[in-house]
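Now for the letters of each chain:
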Amino acid sequence: MPSQRNRGKNSNDDQLFGSETIQQKLKEALIDMRYLLTRGYAEKSSLQLVGNKHRLNVRQQQAVQGMSASQQQIERRETHMISFENTNSETIIIDGFNLLIILESALSGAYVFKGLDSTYRDLSGVHGTYKRVQQTEKALLLVGNLLKNNTVIWVFDKPVSNSGRLKTMLRETAELHDFNWEIILENNPDKVLAESEHIVVSSDAWVLDRAKRWLNLGACIIEHHISEASIIYGS
């Protein structure tokens, strides 16, 4: 039976992110964050300083943290990113929960945040348990149809509750739609992704700073296939 849950906006998100004034304040905060991170200041202390300066609450600070990057990180990620047109028929390895939840959020009309590195992030989280939502199947089909010429390896966090159930759902989806998918559960998926020789799909900063090649699939799908997405731009 389809889930009735979704990953839509929190009740006060329009107040926290919806106005042009606040969005401009977030952009100014990101300028400060990039300045500090580029000069080697720690992320935690930088966020605290910038959050206090711009009077950002915890949820706004989370958004700024997700969108932030140093100039070195931005340049490194740009250098190693490949375009969708250049994926050809290569194998693609996907940071499962990372991509799925951002697409579910965008499809739910929740705010998603385009960072300084052009990747998208959300304010949802797994928190030890994954719960399927109304938009899960649609998100999977968007990925499957876009990558129908590729072998796709989905990697999920094994310790997360319901990851096994999600693996079964993906396997059934792949069989039904003839997607060439492999679904694996790993205790340390970030390490597997960062060390992979395949094209990596993730918006996780730690992974992006180490991946040999990566594809900004989340941006491709959100910008071209999810018209209902509520996007906050970092720059």
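The structure we're discussing is the one just above.
Here the structure is a predicted model, which is why all the values come from computation and not from measurement.

Following the criterion strictly, the structure yields one cavity of 30 Å³ or more and no others. Those elements that provide at least two residues to the lining of the largest cavity are helix H6 (96–107) and helix H11 (217–225). Counted by class, the lining of the largest cavity contains seven nonpolar, six polar and no charged residues.

Next up on the list: the packing of aromatic side chains. Enumeration over the complete set of coordinates arrives at seven aromatic pairs. For the pair Phe17 and Tyr111, a centre-to-centre distance of 5.8 Å together with 55° between the ring planes defines the contact as tilted. One end of the pair, Phe17, is in helix H1 (residues 13–17); the other, Tyr111, is in strand E3 (residues 111–114), and 94 residues separate them in sequence. With a relative accessible area of 11%, Tyr111 lands in the buried category. Pairwise contacts between aromatic rings join Phe97, Tyr130, Trp154, Phe156, Phe179 and Trp181 into one cluster. Its end group placed over the ring of Tyr35, Arg39 keeps NZ or CZ at 3.7 Å from the ring centre.

Glancing now at the layout of surface pockets. Put simply, the largest pocket is a space of about 870 Å³. Contributing to the lining of the largest pocket are 32 residues, with Asn98, Arg121, Ser203, Asp204 and Ala205 lying nearest its centre. Elements with a minimum of two residues in the lining of the largest pocket: helix H4 (58–67), helix H5 (71–80), H6, strand E4 (120–121), helix H9 (189–194) and helix H10 (205–208). Looking at the lining of the largest pocket residue by residue, the class counts come to 14 nonpolar, ten polar and eight charged.

Relative to strand E6 (residues 181–186), strand E5 (residues 152–157) is paired through six bridges, and the arrangement is parallel. Across the sheet, residue Phe156 finds its bridge partner in E6, namely Leu185. Read from E5 through helix H8 (residues 163–177) to E6, the crossover connection turns out right-handed.

Below, the discussion takes up unusual backbone geometry. Positive phi, close to 55°, is recorded for Arg55, a residue that is not glycine. Within the secondary structure, Arg55 is located in the loop between helix H3 (43–53) and H4. One non-glycine residue, Asn88, adopts positive backbone phi at about 50°. Looking at the element boundaries, Asn88 is found in the loop between strand E1 (81–82) and strand E2 (92–95).

About the cut-offs
- Residues numbered from 1 in each chain as written.
- Predicted model: local features only at pLDDT ≥ 70, side-chain atom pairs only at ≥ 80, totals over all residues.
- Heavy atoms only, no water.
- 1 Å grid on protein atoms, 1.4 Å probe; cavity = no way out; pocket = protein on both sides within 12 Å on 5 of 7 lines; lining within 4 Å.
- Points joined across faces, edges and corners; volume = space filled by probe spheres on them.
- Helix = DSSP H or I, 4+ residues; strand = E, 2+ residues; numbered from the N terminus.
- Nonpolar A, V, L, I, M, F, W, Y, C, P; charged D, E, K, R; others polar.
- Phe/Tyr/Trp six-rings, centres within 6.5 Å; stacked < 30°, edge-to-face > 60°.
- Buried < 20%, exposed > 50% of the residue type's maximum accessible area, 1.4 Å probe, protein only.
- Lys NZ or Arg CZ within 6 Å of the ring centre and 35° of its normal.
- Pairing = 2+ DSSP bridges.
- Right-handed = clockwise from strand over helix to strand, strands pointing away.

By themselves, these figures tell us nothing about what the structure is for.
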